[in-house]
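Read off the chains here:
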Amino acid sequence: AQSVAQPEDQVNVAEGNPLTVKCTYSVSGNPYLFWYVQYPNRGLQFLLKYITGDNLVKGSYGFEAEFNKSQTSFHLKKPSALVSDSALYFCAVRDELTGGGNKLTFGTGTQLKVEL
Amino acid sequence: NAGVTQTPKFRVLKTGQSMTLLCAQDMNHEYMYWYRQDPGMGLRLIHYSVGEGTTAKGEVPDGYNVSRLKKQNFLLGLESAAPSQTSVYFCASTGSGANVLTFGAGSRLTVL
């Protein structure tokens with residue numbers, strides 16, 4: 001079975017400060033990990049993914065995430081937050097051993113609020 | 001390219017009524033999915049399809065039916081709507097060799 005946890009419902013950050021949105025996962029095999037962002041009244045948009053290779057993954061809009069196998073984590077980070085980064089962020093996982101269909105399991109989401 | 005298009009965007013139903021949500025994608029994707037999004041629960045998979053003519057149950061399939069008669073379309077049906085089905089529904093698609101989902105803009109359904 002595959003599962004993902006986002007321990008924080010909301011993260012508040014001042015503009016210009018670094019931000020971190022946390023994600024931990026559980027899989028039986030190797031994980032495929034994703035971050036998506038949702039702006040109000042919109043669908044989810046892909047930010048970045050980890051499939052294999054370098055543990056530090058860079059994505060859209062200056063975001064990056066670090067895969068940590070020993071801690072089963074995939075935290076989303078950005079060195080300097082912008083007010084426009086305020087949105088709902090979802091972590092998702094797929095176990096390489098999951099059957100057909102490429103089904104993702106999503107976390108409950110973390111609301112990021114960046115204030116001036 | 002339109003990507004993934006969902007219709008309707010909003011709908012209000014009375015308990016017991018039926019309706020169908022339509023998802024259309026123009027990317028020639030093999031896999032299509034229906035999710036529901038509820039506050040504090042994230043996205044939960046309702047049904048999915050790995051190709052034309054195939055469907056499979058996801059995490060929360062009860063009360064829903066789906067059909068994939070054409071590769072580009074994936075329909076989600078509610079035969080007898082219940083207030084518990086009040087939610088925002090998202091369709092997504094991806095290629096068979098890919099991993100990234102493309103989402104539609106969502107359909108907000110209220111069941112009174």
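Participant: Would you mind going over the interface of chain A and chain B with me for this structure?
Facilitator: Quite often, the size of an interface is put as the accessible area lost when its parts meet. Taken together, the contact between chain A and chain B spans 22 residues of the former and 22 residues of the latter. Contact with chain B buries surface across chain A, with Leu44(A), Asn102(A) and Phe106(A) losing the most and accounting together for 29% of the total. Remark: the boundary between chain A and chain B carries zero salt bridges. Between the two partners, chain A and chain B, sit five residue pairs in polar contact (both at pLDDT 80 or more). Breaking the side of chain A that touches chain B down by element, the ones donating at least two residues are strand S5 (31-38), strand S6 (44-50) and strand S10 (87-95) of chain A. Across the side of chain A that touches chain B, the residue classes tally to 10 nonpolar, eight polar and four charged.

Participant: Help me understand the nonpolar core, please; the structure alone is not making it clear to me.
Facilitator: It is characteristic of soluble globular proteins that their nonpolar side chains tend to be buried jointly. Counting 27 residues, the largest nonpolar core has Trp35(A), Leu47(A), Leu48(A), Phe74(A), Leu76(A) and Tyr89(A) as the members making the most contacts within it. Considering each element in turn, this core owes the most residues, four residues, to S10(A). Discounting chain neighbours no more than four positions away, the residues touching Leu76(A) are Leu19(A), Thr20(A), Val21(A), Trp35(A), Leu47(A), Leu48(A), Phe63(A), Glu64(A), Ala65(A) and Tyr89(A). One finds Phe106(A), Tyr33(B), Leu43(B) and Leu45(B) within the second-largest nonpolar core, a separate group that totals 20 residues.

Participant: I keep staring at the packing of aromatic side chains and nothing clicks. Help me out?
Facilitator: Given two aromatic rings, one states the distance between the centres and the angle between the planes to describe the pair. Here the structure, examined in full by the defined rule, presents 15 aromatic pairs over all chains. For the pair Tyr50(A) and Phe67(A), a centre-to-centre distance of 4.2 Å together with 20 degrees between the ring planes defines the contact as stacked. Note that Tyr50(A) is positioned in strand S6 and Phe67(A) in strand S8 (residues 64-68), a separation of 17 residues in sequence. One exposure class covers both Tyr50(A) and Phe67(A), and it is buried. The structure contains a cluster of three or more aromatic residues connected by ring pairs, namely Phe34(A), Tyr36(A), Phe46(A), Phe90(A), Phe106(A), Tyr33(B), Tyr35(B), Tyr48(B), Phe90(B) and Phe103(B). Directly above the aromatic system of Phe63(A) lies the positively charged group of Lys78(A), at a separation of 5.1 Å from the ring centroid.

Participant: I would appreciate a short explanation of the pattern of salt bridges in the present structure.
Facilitator: Pairing of side chains with opposite charge becomes possible as their charged atoms draw close. All names here are of chain B. Using the criterion set out here, one finds six salt bridges over all chains in the structure. Between Glu 30 and Lys 71 there is a salt bridge; the shortest N-O distance is 2.9 Å. Pair noted here: Glu 30 is in the loop between strand S3 (19-25) and strand S4 (31-38) and Lys 71 is in the loop between strand S7 (65-67) and strand S8 (73-78), with a separation of 41 residues, a long-range link. Given a relative accessible area of 28%, Glu 30 falls into the partly exposed group. The salt bridge involving Arg 36 is made with Asp 38; its shortest N-O contact spans 2.8 Å. Each of the two residues, Arg 36 as well as Asp 38, counts as buried. The structure contains a network of salt bridges with shared partners spanning Arg 36, Asp 38 and Arg 44.

Participant: How should I be thinking about the side chain of Thr94(B) in this particular structure?
Facilitator: Residues and elements named next belong to chain B. Within the fold, Thr 94 resides in strand S9 (residues 87-94). In this structure Thr 94 comes out as buried when scored by relative accessible area, which is 1%. Among the polar contacts listed, one links the side chain of Thr 94 to the backbone oxygen of Val 100, at a separation of 2.9 Å. Setting aside its immediate chain neighbours within four residues, Thr 94 contacts His 29, Glu 30, Tyr 31, Tyr 33, Asn 99, Val 100 and Leu 101.

So, how was this worked out
Residues numbered from 1 in each chain as written. Chains lettered and ligands numbered in written order. Predicted model: local features only at pLDDT ≥ 70, side-chain atom pairs only at ≥ 80, totals over all residues. Heavy atoms only, no water. Contact = heavy atoms within 4.5 Å. Buried area = accessible area lost by both parts, 1.4 Å probe. Salt bridge = Lys/Arg side-chain N within 4 Å of Asp/Glu carboxyl O. Polar contact = N/O pair within 3.5 Å; in protein donor to acceptor, adjacent residues only side chain to side chain. Helix = DSSP H or I, 4+ residues; strand = E, 2+ residues; numbered from the N terminus. Nonpolar A, V, L, I, M, F, W, Y, C, P; charged D, E, K, R; others polar. Core = buried A, V, L, I, M, F, W, Y, C linked by side-chain atoms within 4.5 Å. Buried < 20%, exposed > 50% of the residue type's maximum accessible area, 1.4 Å probe, protein only. Phe/Tyr/Trp six-rings, centres within 6.5 Å; stacked < 30°, edge-to-face > 60°. Lys NZ or Arg CZ within 6 Å of the ring centre and 35° of its normal.

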